[in-house]
Amino acid sequence: MTNDIRIRRAGRILTLAVMVGSLLTLASTAGASNATLRVSVNSWSRTIGIDAHSVALAAQNRHPRRMTSSALRFRTDALRARTAVARQRPSTAGGKRAQKLALAAFTHYEAAAQGWAAAGRARLQGDRAVAGRRARAAAISARAGNKLLVAAGQVLR
Amino acid sequence: MLKRSFAITMAVGALAVGGGAASALADSGETGNTTTGTTTMTDTPTTVATTVTTPVATPVTVTTPVQGDDVAEHAANDVMAAANGVQNEAIAETDDDDAGDRHGANDDSEESGDHGHHRGQGNDQSGNDDGDTGHSGRGHDGSDDDDSVLSAQSGGE
């Protein structure tokens, strides 16, 4: 009789321990997915920032060719960033929201880069009016992308 | 016999709980990094204001820079600076630095000197902002530069 009680108690403890362990493991897996997303977004944000700096530098130095090639590189990286972030599988609602924001941000950046490249080419051809229009449109896209990227970063923080 | 079975049960339970807790603790940091405390300075945000003056056209000034020291916010600041730089370049009445622009327009030597330290997908934020003002002028590719930048016109738009 005493043995039965001990066996039942041990069984209950074992079940409880397994349940607690499973819960903790699940929680840690969710955290890992979001952490991976955060690493990806941060990493690509850094790359995008570097490319943007390159564009700004070329523009500041009045180098439209370099500005154009830098803008094209920015565009390529924005597309790569989109692909990389889309590949992530966030497990929480916050993570999924951050992913959507980041994807939208990189889409806007891609549009901005296209505008910068177009502005650079127009500038090379001496068409200042077109260059100005393209640059203004690109700035709107860039601003929208910025808001979304910062929002994504805040969600992932 | 029962004592042994009870001891084994307890040991398994403890392992499960301990493993779960350790996993959760390990995942709270970024992959491959030791978990360390992060202090976010929100009371003294860095304000980046870029004003590029052009002789005739009205310069575009960043009026609402993104503040903070988050990676995404840094990237957003760089993108905003690029957007303003391109706008200024597009409407500038002054002539472009054509000779400087043609010097290695596609190898982005000036920019790559600056960004070589930062590139890559790691989390390393080290690197100096060197080469910003330097003009390496390596390799004169001649008319090839024009072709490649302008040939991307159809693809970019």
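Model, not experiment: these values are computed from the prediction.

Caption draft 1: How the structure looks around the overall build of chain A. A tally of regular secondary structure across chain A gives 4 helices and 0 strands. In sequence order, the secondary structure elements of chain A are arranged as α-α-α-α. Relative to all contacts within chain A whose residues are 6 or more apart in sequence, the contacts with residues 24 or more apart total 76%. Just so you have it, chain A exposes about 6,800 Å², and 58% of that area is on carbon and sulfur atoms.

Caption draft 2: Focus on the overall build of chain B. Looking only at helices and strands, one finds 6 helices and 0 strands in chain B. The order of α-helices and β-strands along chain B, N terminus first, is α-α-α-α-α-α. Per-residue burial over chain B gives 31% buried out of 157 residues. Working note: accessible area of chain B is about 8,800 Å², and carbon and sulfur atoms make up 55% of it.

Caption draft 3: Expanded view of the nonpolar core. Core analysis: the largest hydrophobic core is formed by 47 residues, its most contacted members being Phe74, Phe106, Tyr109, Trp116 and Leu149 of chain A together with Val79 and Val86 of chain B. Of all the secondary structure elements, the ones that give two or more residues to this core are α1 (2–60), α2 (64–87), α3 (93–124) and α4 (128–156) of chain A together with α2 (71–91) of chain B. Tallying contributions element by element places α3 of chain A first for this core, with 13 residues.

Caption draft 4: Looking closely at the pattern of salt bridges. Using the criterion set out here, one finds 8 salt bridges over all chains in the structure. Measuring nitrogen to oxygen at the nearest pair gives 3.0 Å for the salt bridge that ties Asp77 of chain A to Arg80 of chain A. Taken as a pair, Asp77 of chain A and Arg80 of chain A lie in helix α2 at a separation of 3 residues, close to a single helical turn. Note on Asp77 of chain A: relative accessible area 2%, which makes it buried. The partner of Glu89 of chain B in a salt bridge is Arg123 of chain A, with the nearest N and O atoms 3.4 Å apart. Remark: Arg123 of chain A occurs in helix α3 and Glu89 of chain B occurs in helix α2; the pair is interchain, linking two chains. Here Glu89 of chain B matches Arg123 of chain A in class, with each residue buried. The network of salt bridges with shared partners includes Arg62 and Arg123 of chain A together with Glu89 of chain B.

Caption draft 5: Summary view of the environment of Arg121 of chain A. For Arg121 of chain A, the position within the fold is in helix α3. For the pair Arg121 of chain A and Arg65 of chain A, spaced 56 residues apart in sequence, the C-alpha separation works out to 7.5 Å.

Caption draft 6: Region of interest: the packing of α3 of chain A against α2 of chain B. One can describe the packing of α3 of chain A onto α2 of chain B by two numbers: an axis separation of 10 Å at closest approach and a directional angle of 25 degrees. Taken together, α3 of chain A and α2 of chain B sit at an angle that is classed as roughly parallel. Viewed along their axes, α3 of chain A and α2 of chain B form a crossing whose handedness is left-handed. Taking contact as the criterion, the partners of Tyr109, Trp116, Ala119 and Arg123 of chain A in α3 of chain A are, on α2 of chain B, Ala76, Val79, Ala82, Ala83, Val86, Glu89, Ala90 and Ile91 of chain B.

Caption draft 7: Region of the structure containing α3 of chain A. For α3 of chain A, built from 32 residues, the straight-helix expectation of 46 Å at 1.5 Å per residue is met to within 8% by its first-to-last C-alpha distance of 47 Å. Downstream of α3 of chain A by a residue or two, Gly126 of chain A has a phi angle that is positive, lying close to 80 degrees.

Caption draft 8: Examining the packing of α2 of chain A against α3 of chain A more closely. Residues and elements named next belong to chain A. In contact at an axis separation of 8 Å, α2 and α3 are set at 165 degrees when each is read in the N-to-C sense. Viewed along their axes, α2 and α3 adopt a mutual orientation that is roughly antiparallel. Pair α2 / α3 crosses with left-handed handedness. Split into classes, the residues belonging to the contact of α2 with α3 amount to 19 nonpolar, 5 polar and 6 charged.

Caption draft 9: Spatial organisation of a positive patch on the surface. A surface patch of positive charge is lined by Arg6, Arg8, Arg9 and Arg12 of chain A. Note that Arg8 of chain A resides in helix α1.

What counts, and where the lines are drawn
Residues numbered from 1 in each chain as written. Chains lettered and ligands numbered in written order. Predicted model: local features only at pLDDT ≥ 70, side-chain atom pairs only at ≥ 80, totals over all residues. Heavy atoms only, no water. Helix = DSSP H or I, 4+ residues; strand = E, 2+ residues; numbered from the N terminus. Contact = heavy atoms within 4.5 Å. Areas by Shrake-Rupley, 256 points an atom, 1.4 Å probe, with all protein chains shown as cover. Buried < 20%, exposed > 50% of the residue type's maximum accessible area, 1.4 Å probe, protein only. Core = buried A, V, L, I, M, F, W, Y, C linked by side-chain atoms within 4.5 Å. Salt bridge = Lys/Arg side-chain N within 4 Å of Asp/Glu carboxyl O. Axes fitted to C-alpha atoms, helices over the stretch in contact; angles between N-to-C directions. Parallel < 35°, antiparallel > 145°, perpendicular 65-115°, else oblique. Left-handed = near helix turned anticlockwise from the far one by under 90°. Expected span 1.5 Å × (residues − 1). Nonpolar A, V, L, I, M, F, W, Y, C, P; charged D, E, K, R; others polar. Patch = residues over 30% accessible without salt bridge, like charges linked within 9 Å, V, L, I, M, F, W, Y side chains within 5 Å. Lys, Arg positive; Asp, Glu negative; His and termini not counted. Charge placed at Lys NZ, Arg CZ, Asp CG, Glu CD.

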